[in-house]
Amino acid sequence: MVGFIKPEQVFLPIILLLLMALREHRWRVLMGFMIAGLILFVTSVMIAGWWVFDWLNAVQRYAGYAPTNWVPATLWQMHPLVLIICIAFIVMLFMPLRANAQLFVAATVPLNLLLLPQTLIWGLTLLLFPLLQAWHGRTRYAVIGIWLLGWVLILGSNFPDWWRVPSSLLPFLTLIAVSYASREQALT
């Protein structure tokens, strides 16, 4: 999956999975991740030469002309209290997820989209994973609603910076659906 998307979009889920492996003493998982990463890095250096500095320069140039959306900065510009309320809301949404590791990992995907800067709306495709994980009981109606709302928001406006609205709103709604699915699964 990482080969088809930007790696920063799966940063939090990978970190969480590695922390879970560390907590559960799954040394083979950690060793496999390190060996696979090392093999991929060495192979890329053998094929393309030492590319790291060129890549860092390209990323820096890209940041100068690509439109980005960073939800914490947008909320801070609205009012610092809005950011604080949203952080408290996100923490509240994560509380019921502690007992459900599968949904906890799924919730890190929209959290990642909220915390890290995003360009345009391409990262929203990653929300399909947590939405499908939340497909349970009555939550499936919320999942369908979020999916349809996403299309309406993406296709529904011609304003130049309109893409920032779905990029900010849909991850929040996905977190709500995943949290609700966790509560619903705990009751059944």
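To start, this report covers the structure provided alongside it. Counting from 1, residues in each chain are numbered in the order their sequence is written. At least 70 in pLDDT is required for a residue's local features to be given in this predicted model, at least 80 for side-chain atom pairs to be given and counted, and no such filter applies to totals for whole chains, interfaces and linings, which use all residues. As a convention, hydrogens and water are excluded, and side-chain values are obtained from all of the structure's heavy atoms.

Section: the side chain of glutamate 184
We count it as follows: Helix and strand assignments follow DSSP, with helices taken as H or I runs no shorter than four residues and strands as E runs no shorter than two, numbered in order from the N terminus. Only protein chains enter the accessibility calculation, which uses a 1.4 Å probe; a residue whose area is less than 20% of its type maximum is buried, one above 50% is exposed, and one in between is partly exposed. Counting of polar contacts relies on pairs of N or O atoms within 3.5 Å, with two restrictions inside protein: one atom must be capable of donating a hydrogen and the other of accepting it, and residues adjacent in sequence are counted only when both atoms are side-chain atoms. Any two residues whose heavy atoms approach within 4.5 Å are treated as being in contact.
By secondary structure assignment, the location of glutamate 184 is in helix H9 (residues 164-187). By relative accessible area, which is 11% here, glutamate 184 ends up buried. Among the polar contacts listed, one links the side chain of glutamate 184 to the side chain of threonine 139, at a separation of 3.1 Å. Those residues in contact with glutamate 184 that lie beyond four places of it in its chain are His136, Gly137, Arg138 and Thr139.

Some details on the pattern of salt bridges
Cut-off, in case you're wondering: The salt bridge definition used is simple: a Lys or Arg side-chain nitrogen within 4 Å of an Asp or Glu carboxyl oxygen.
Under the counting rule described, the total for this entry stands at three salt bridges. A salt bridge links glutamate 24 to arginine 23; the nearest nitrogen and oxygen atoms lie 3.4 Å apart. We classify arginine 23 as exposed; its relative accessible area is 58%. A salt bridge links arginine 138 to glutamate 184; its shortest N-O distance comes to 3.8 Å.

Quick notes on the packing of helix H1 (residues 11-23) against helix H2 (residues 27-48)
Let me state the cut-off plainly: In this analysis, axes come from line fits to C-alpha atoms, helices being fitted only over the stretch in contact, and the angle between any two N-to-C directions falls in the range 0 to 180 degrees. In these notes the angle categories are as follows: under 35 degrees is roughly parallel, over 145 is roughly antiparallel, 65 to 115 is roughly perpendicular, and the rest is oblique. Should the near helix be turned anticlockwise from the far one by less than a right angle, the crossing is termed left-handed; should it be turned clockwise, right-handed. Three classes are used: nonpolar for Ala, Val, Leu, Ile, Met, Phe, Trp, Tyr, Cys and Pro, charged for Asp, Glu, Lys and Arg, and polar for all others, with Gly counted as polar.
Put simply, H1 and H2 touch, their axes get as near as 8 Å, and they point 140° apart. Classified by the angle their axes make, H1 and H2 are oblique. For the crossing formed where H1 meets H2, the hand is left-handed. Across from Ile14, Leu18, Ala21 and Leu22 in H1, the residues of H2 making contact are Trp27, Val29, Leu30 and Phe33. A breakdown of the residues in the contact of H1 with H2 according to their chemical character gives eight nonpolar, no polar and no charged.

Examining the environment of valine 105
Within the secondary structure, valine 105 is located in helix H6 (residues 101-115). If we ignore the near neighbours within four places in the chain, the residues touching valine 105 are Leu16, Leu17 and Met20.

A look at the packing of helix H8 (residues 139-155) against H9
Where H8 contacts H9, the two axes come as close as 10 Å, and the packing angle between them is 175°. On the basis of their axis angle, the class for H8 and H9 is roughly antiparallel. Judged by residue contacts, Thr139, Ile146, Leu149, Gly150, Leu153 and Ile154 of H8 engage Pro166, Leu169, Leu170, Leu173, Thr174, Ala177, Tyr180, Ala181 and Glu184 from H9. Looking at the contact of H8 with H9, its residues break down into eleven nonpolar, three polar and one charged.

Some words on the nonpolar core
The test is simple: Put simply, a nonpolar core is a bunch of buried Ala, Val, Leu, Ile, Met, Phe, Trp, Tyr and Cys residues held in one set by side-chain atoms that sit within 4.5 Å of each other.
Ile90, Phe94, Phe172 and Leu175 are the most contacted members of the largest nonpolar core, which totals 26 residues. Counting residues per element, the ones that place at least two in this core are helix H4 (71-78), helix H5 (80-94), H6, H8 and H9. Top contributing element to this core by residue count: H9, with six residues. Excluding residues that lie within four positions of it along the chain, phenylalanine 172 makes contacts with Val71, Leu75, Cys86, Ile90 and Leu114.

Things to note about unusual backbone geometry
Unlike most non-glycine residues, histidine 25 shows phi in positive territory, near 55°. By secondary structure assignment, the location of histidine 25 is in the loop between H1 and H2. On the accessibility criterion, histidine 25 (55% relative accessible area) is exposed.

Brief notes about the packing of aromatic side chains
This is how it is decided: Note on aromatic contacts: the rings of Phe and Tyr and the six-membered ring of Trp form a pair at centre separations within 6.5 Å, being stacked when their planes are under 30 degrees apart, edge-to-face when over 60 apart, and tilted otherwise.
In the structure shown here, the tally under the stated rule is five aromatic pairs. Residues tryptophan 147 and tryptophan 151 carry aromatic rings whose centres are separated by 6.3 Å and whose planes lie at 75° to one another, so their mutual orientation is edge-to-face. Of this pair, tryptophan 147 and tryptophan 151 both sit in helix H8, four residues apart, which is roughly one turn of the helix. In this structure an aromatic cluster arises from ring pairing among Phe41, Trp50, Trp51 and Phe53.

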